[in-house]
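Each chain, letter by letter, is given below.
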Amino acid sequence: MNLVAIHGYPLDHRLWAPLADRAARGELGAIRSVFAPDLRGRGRSDRPAAATHAMSLLADDVAQEIETALPKDAPFLLAGLSMGGYVCFELLKRHGARFRGRLRGLALFDTKAMSDDDASRAKRKEAIEAIRKDGIAAALAAMLPKLLAAGSAGSPAEEVARRMILSTPPATAMADLAGLAVRDEGFEVLAAWDRPLLVAVGDEDAITPPSDAEAMTAVATRAPWVKLLTVPRAGHLVPLEQPDEAAAGLAALAEAAERLISPTRR
Ligand code: MLT
């Protein structure tokens, strides 16, 4: 099975590298490969940044990339971290019917289903202005201290996070922030979701704390398998900070998804 994994703000595909490595080594259960596209305007994406990266726009991009990159009819699991989780909600809303026969499970890492309130929107505006004035260094100063658990300070995970932020073009980061401010909430999508669901969160996540993860699992009453994984010694970047825990969660999700397709399998 493939895993399609969507990164958060202001990051890129490198977020998922520890899991892609594990999949390549056969250490991710039924998941044999990880497809982690860069969202538009950064990294290996050939799509230019837009003025506003509405989550619907990013979801349409990802849907197209899935069609192109994955073998036709190949089953997959969908994962998103933070902004990537918001993109998953839009993808399910807009393209869920198209992928219904192939999409076997959903993994949400360090994200939430709530939309921005007025105070959060005002903060996004301030963040956009700071980047306009000082460049991507403003995003680094604002985000890096909040992204990782206390114990991840000075770790290789911190270095990868720093590099990802610094290689995000300022216009891309500003467009992401503009899109984040106007996103819809994801509770309805989760309430309708009827496949296995993994919700993983670092117990030190300062941006989307464990209470946000609990709120998502609470509404997912139609999902036949739900796992809330609270990961010790991790902040907002569980796949980078504690990749073994993330891998175990994803392997369990894949197993649940396979069991549902062939119920006699154990
Ligand atoms: C992210 O990590 O993608 C962002 O912090 C999400 C957000 O700010 O809502």
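Going by the structure above, here's the rest.
Attention here is on the structure that accompanies the text. Computed from a predicted structure; not experimentally measured. (Residues numbered from 1 in each chain as written. Predicted model: local features only at pLDDT ≥ 70, side-chain atom pairs only at ≥ 80, totals over all residues. Heavy atoms only, no water.)

### Observations regarding the site of the ligand
Applicable threshold: For each residue, the test is whether any non-hydrogen atom lies within 4 Å of the molecule or strand; if one does, the residue is near. Polar contacts, as used here, are pairs of N or O atoms within 3.5 Å; protein pairs need one atom able to donate a hydrogen and one able to accept it. Residues neighboring in sequence count only if both atoms are side-chain atoms. In this classification, Asp, Glu, Lys and Arg are treated as charged, Ala, Val, Leu, Ile, Met, Phe, Trp, Tyr, Cys and Pro as nonpolar, and every other residue, Gly included, as polar.
Residues in contact with the ligand, as listed here, are Gly8, Tyr9, Ser82, Met83, Tyr86, Arg124, Met143, Ile207 and His236. Between Met83 and the ligand, the recorded distance is 2.8 Å, taken from a backbone N or O atom to an oxygen atom. Within the side chain of Arg124, a nitrogen or oxygen atom sits 2.8 Å from an oxygen atom of the ligand. Grouping the amino acids of the shell around the ligand by side-chain chemistry returns five nonpolar, three polar and one charged.

### Description of the pattern of salt bridges
Note the cut-off: A pair is scored as a salt bridge if a Lys or Arg side-chain nitrogen falls within 4 Å of a carboxyl oxygen belonging to Asp or Glu. For the exposure calls, accessible area comes from a 1.4 Å probe over protein chains only, and a residue counts as buried if that area is under 20% of its type's maximum, exposed if over 50%, partly exposed in between.
Enumeration according to the criterion identifies 23 salt bridges in this entry. One salt bridge in this structure joins Arg14 and Asp12, with 2.8 Å as the shortest N-O distance. Classification of Arg14 by relative accessible area gives partly exposed; the value is 28%. Salt-bridge contacts for Arg94 lead to Asp60; the nearest nitrogen and oxygen are separated by 2.8 Å.

### Regarding the packing of helix H2 (residues 55-69) against helix H3 (residues 83-99)
As a reminder of what qualifies: To get an axis, a line is fitted to the C-alpha atoms, and for a helix only the part in contact is used. The angle between two axes follows their N-to-C directions and goes from 0 to 180 degrees. Here a strand is any run of E in DSSP of at least two residues, a helix any run of H or I of at least four, and the numbering for each starts at the N terminus. Small angles under 35 degrees read as roughly parallel and large ones over 145 as roughly antiparallel, with 65 to 115 read as roughly perpendicular and the rest as oblique. Each crossing gets its handedness from the near helix: less than a right angle anticlockwise from the far helix is left-handed, clockwise is right-handed. The contact rule is simple, with two residues in contact once any of their heavy atoms fall within 4.5 Å.
Across the interface, H2 lies against H3 with an axial gap of 8 Å and an inter-helix angle of 60°. By the criterion of interaxial angle, the relationship of H2 to H3 is oblique. Classified by chirality, the crossing of H3 by H2 is right-handed. Touching Met55, Ser56, Leu58, Ala59, Asp60, Val62, Ala63, Ile66 and Glu67 of H2 are Met83, Tyr86, Val87, Glu90, Leu91, Arg94, His95, Arg98 and Phe99, all from H3.

Structural measurements only, silent on function.
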